Amino acid sequence: MKYRLETQCLHEGWSPSNGMSRQLPIYQSTTFKYDSSDEMGRLFDLEAEGYFYTRLQNPTSDAVAARICALEGGEAAMLTSSGQAANFFAIFNICEAGDHFIASSAIYGGTYNLFGVTLKKMGIECTFVDQTLSEEALAGYFRPNTKALFGETITNPTVSVLDIEKFSRLAHAHGVPLIIDNTFATPVNCRPFEWGADIVTHSTTKYMDGHAVGVGGCIVDSGNFDWMRHPDRFPGLTTPDESYHGIVYAERFGRRAYITKATSQLMRDFGATQSPQNAFYLGLGLETLALRMQRHCANALQVANYLSAHSKVAWVHYPELEGDEFHALAQKYLPTGSCGVLAFGVRGGRTAAVRFMDRLQLAAIMTHVADSKTCLLHPASHTHRQLSDEQLAAAGVAPDLIRLSVGIEDVNDIIADLAQALESI
Ligand SMILES: *Cc1c(COP(=O)(O)O)cnc(C)c1O
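### With respect to the pattern of salt bridges
So, point 1. Applying the stated rule across the entire model yields 9 salt bridges.
So, point 2. Linking D35 and K33 is a salt bridge whose minimum nitrogen-to-oxygen distance equals 2.7 Å.
So, point 3. Since its relative accessible area comes to 69%, D35 is described here as exposed.

So, in C-alpha cells, the structure goes:
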C-alpha cells in the first residue's frame, strides 16, 4: 500500500515483522559475516545484494535512505557523511577532469567553494549563473563538455526560489541531468522530481535531522535520466568499469545505475559514509519532519509579517510574503509552505545588525540554520567576515543581511525576543 507523506515519514524504510523491534535497530557493526567464500565473492562482483563493510553500505543507513527516497518519490538513494559530501558525490559521479557543469550563483557558500575552488583543482570547471536569467540567456552557458546543471530549490541564505521547470527544460535540451539541492524546502514542501529534476541532494543536518545532533547528507536519484541516450557524455556509466570486472552500470543496473556507481565506486574510494548511529538519529528526526515543517512555515510567515511592518527593519525577504520577488514561484513550487528561514536587514547597516543580535535572548547566534530552535547569523560579521561591502554585494549578500532561522517555539516568544532587541537600535 502506498502511504501519504506524513505516514511515510514514520513508516518507510523499516517494516518490522512479527516480534521484531518497532524502532529501526542500529546495526553498529563495521562488517558482516558470510558462511561461504563464494557468497562473499558474489557481493564483491556486484552480482548479489548484501552487506559486507559499513564504509559501503549498512542496513540502518540504507533504511533511512529508503525513507528519504520514498519521501522524494525517487528510485534509489544513499546517505553520505555530510551535505558537502552529497553534493561532491552528486557531481563527481558524472564529471571528471576536463568536464564542465553549470550552477546557480545563489547556492550555499560551502557548495560554491566546493564547486568553484576545490573541484577546479580536480580539473572540473563550474560556471556560476544568475538563476533568474531567461532560458535563452542561460542556454548560452552550455558547452559540448557540460555534464550537469545544479541549483537549490530555496537558496541559502538569500531564500530565492528556483524556477525548477525552467532549469529542467534547459538541462534536458542539452542532454544533461538537473541536480537539485532540496535542503531548505524538504520533500514536505517540494518534490523536485515532480518538476523534472533528475537527482536530488540534501544536507540532512538541517530540517531532516531537525535537532542539531548529526551532520549528514543524502543523494536521491529519480532513475529518470537515460544515460544510455548519451553514451559518449557519461562514459563512467556507459562504459566498462575496470575496477568492477568490466561492469557497465547503466546496462546492468538501469534506473539504479547512478546510485549503484556512487556507492560502489565513490563511497568505496572516498569513504564519506554516515555512521549507523547518526543515521538512526536522522531516521528519528524524519518521523516528525512533516509536523515540524508546518510549524516552521507558519511561525516564519508570522515573523516575516511582523518584521515587514517594523519601522526599524529596512527590508525582509521571505518567499511567502505578498510582494516578495519570488512570491509567484513560491506559489507554484511551494504551495504548502517554503521553509522557516528568512532574510532581513535592520536600518543602520552592519553596526545596528550587530547591536540587535547581541541583545537577543531566545534566538541564538549560530553557524547553523533550519533547526527546531530559533537561531540567526549575520554573514557580514560571521561566515563572510573577510569580505568588504563591495565583495559582499558581488556575492549577492547585503552587508546588513541577517539570516533568521525561525524555530518551532511559540511564535509569540520569538516575536517578543525580536521586539526587545529591535528596541535597542
Ligand atoms: C548546510 C548546507 C549544505 C552543506 O551541508 P553540511 O551538512 O553542512 O555539509 C549544502 N547545501 C545547503 C543548501 C545547505 O544549507
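Additional details are given in the paragraphs that follow.
### Describing the sheet that holds strand β8 (residues 313–317)
So, point 1. Read across the open sheet, the 5 strands follow the order β8-β9-β12-β11-β10; overall the sheet is mixed. The sheet terminates laterally at β8 and β10 (364–365), the two strands that pair on one side only.
So, point 2. The pairing of β10 with strand β11 (residues 375–377) spans 2 bridges and is classified as parallel. Bridge assignment links A364 to a residue of β11, and that residue is C375.

### Topic: the side chain of S424
So, point 1. Looking at the element boundaries, S424 is found in the segment after α17 (411–423).
So, point 2. A polar atom in the side chain of S424 sits 2.6 Å from the backbone oxygen of A421.
So, point 3. In this view, S424 contacts R355, F356 and R359; residues no more than four positions away in its chain are not counted.

### Some thoughts on the packing of aromatic side chains
Any pair of aromatic rings gets described here by the distance separating the centres and the angle formed by the planes.
So, point 1. Within this structure, the stated rule accounts for 18 aromatic pairs.
So, point 2. Residues F344 and F356 carry aromatic rings whose centres are separated by 5.9 Å and whose planes lie at 85° to one another, so their mutual orientation is edge-to-face. Of this pair, F344 sits in strand β9 (residues 341–346) while F356 sits in helix α15 (residues 349–359); the two residues are 12 residues apart in sequence, bridging distant segments of the chain.
So, point 3. What links up through ring pairs into an aromatic cluster is the set F88, F89, F92 and F270.

### Brief notes about the site of the ligand
So, point 1. With respect to spatial proximity, 16 residues lie near the ligand, and among them G83, D181, S203, T205 and K206 are the closest.
So, point 2. G83 has a polar backbone atom sitting 2.9 Å from an oxygen atom of the ligand.
So, point 3. N156 is positioned such that a nitrogen or oxygen atom in its side chain is 3.0 Å from an oxygen atom of the ligand.
So, point 4. Protein contacts shield 91% of the accessible area of the ligand, which totals 380 Å² for the unbound molecule.
So, point 5. A per-element tally of the shell around the ligand places helix α4 (residues 83–92) first, with 3 residues.

### Here we look at the side chain of N182
So, point 1. The residue N182 is located in the loop between β5 (178–181) and α8 (186–189) in this model.
So, point 2. Reaching out from N182, the side chain makes a polar contact with the backbone oxygen of C190 at a distance of 3.0 Å.
So, point 3. With residues near it in sequence (within four places) discarded, N182 still touches E72, T153, P187, C190, P192, V200, T201 and H202.

### A short note on the domain arrangement of the protein chain
So, point 1. Domain assignment breaks the protein chain into domain 1 (5–284) and domain 2 (290–422).
So, point 2. Inter-centroid distance (C-alpha atoms) of domain 1 to domain 2 is 29 Å.
So, point 3. The partner domain 2 presents 32 residues to the 32 residues of domain 1 that form the contact.
So, point 4. Carbon and sulfur atoms make up 63% of the area that domain 1 and domain 2 hide from each other, which totals about 2600 Å².
So, point 5. For domain 1, the biggest contributors to the area lost against domain 2 are V161, N189 and Y207; these three give 29% of the whole.
So, point 6. Counting across the interface, domain 1 meets domain 2 through 1 salt bridge.
So, point 7. At the boundary of domain 1 and domain 2, one finds 14 residue pairs in polar contact (both at pLDDT 80 or more).

### Considerations on the state of the cysteines
Here a disulfide denotes one covalent bond, and it connects the sulfur atoms of two cysteines.
So, point 1. With the rule as written, the count across this model stands at 0 disulfides.
So, point 2. Looking at the unpaired C190, the closest cysteine sulfur is the one in C339, lying at 12 Å.
So, point 3. Take C190: its relative accessible area is 1%, and that puts it in the buried class.

Calculation criteria
Residues numbered from 1 in each chain as written. Predicted model: local features only at pLDDT ≥ 70, side-chain atom pairs only at ≥ 80, totals over all residues. Heavy atoms only, no water. Salt bridge = Lys/Arg side-chain N within 4 Å of Asp/Glu carboxyl O. Buried < 20%, exposed > 50% of the residue type's maximum accessible area, 1.4 Å probe, protein only. Pairing = 2+ DSSP bridges. Helix = DSSP H or I, 4+ residues; strand = E, 2+ residues; numbered from the N terminus. Polar contact = N/O pair within 3.5 Å; in protein donor to acceptor, adjacent residues only side chain to side chain. Contact = heavy atoms within 4.5 Å. Phe/Tyr/Trp six-rings, centres within 6.5 Å; stacked < 30°, edge-to-face > 60°. Near = heavy atom within 4 Å. Areas by Shrake-Rupley, 256 points an atom, 1.4 Å probe, with all protein chains shown as cover. Domains from an automatic or database assignment. Buried area = accessible area lost by both parts, 1.4 Å probe. Disulfide = S-S within 2.5 Å.

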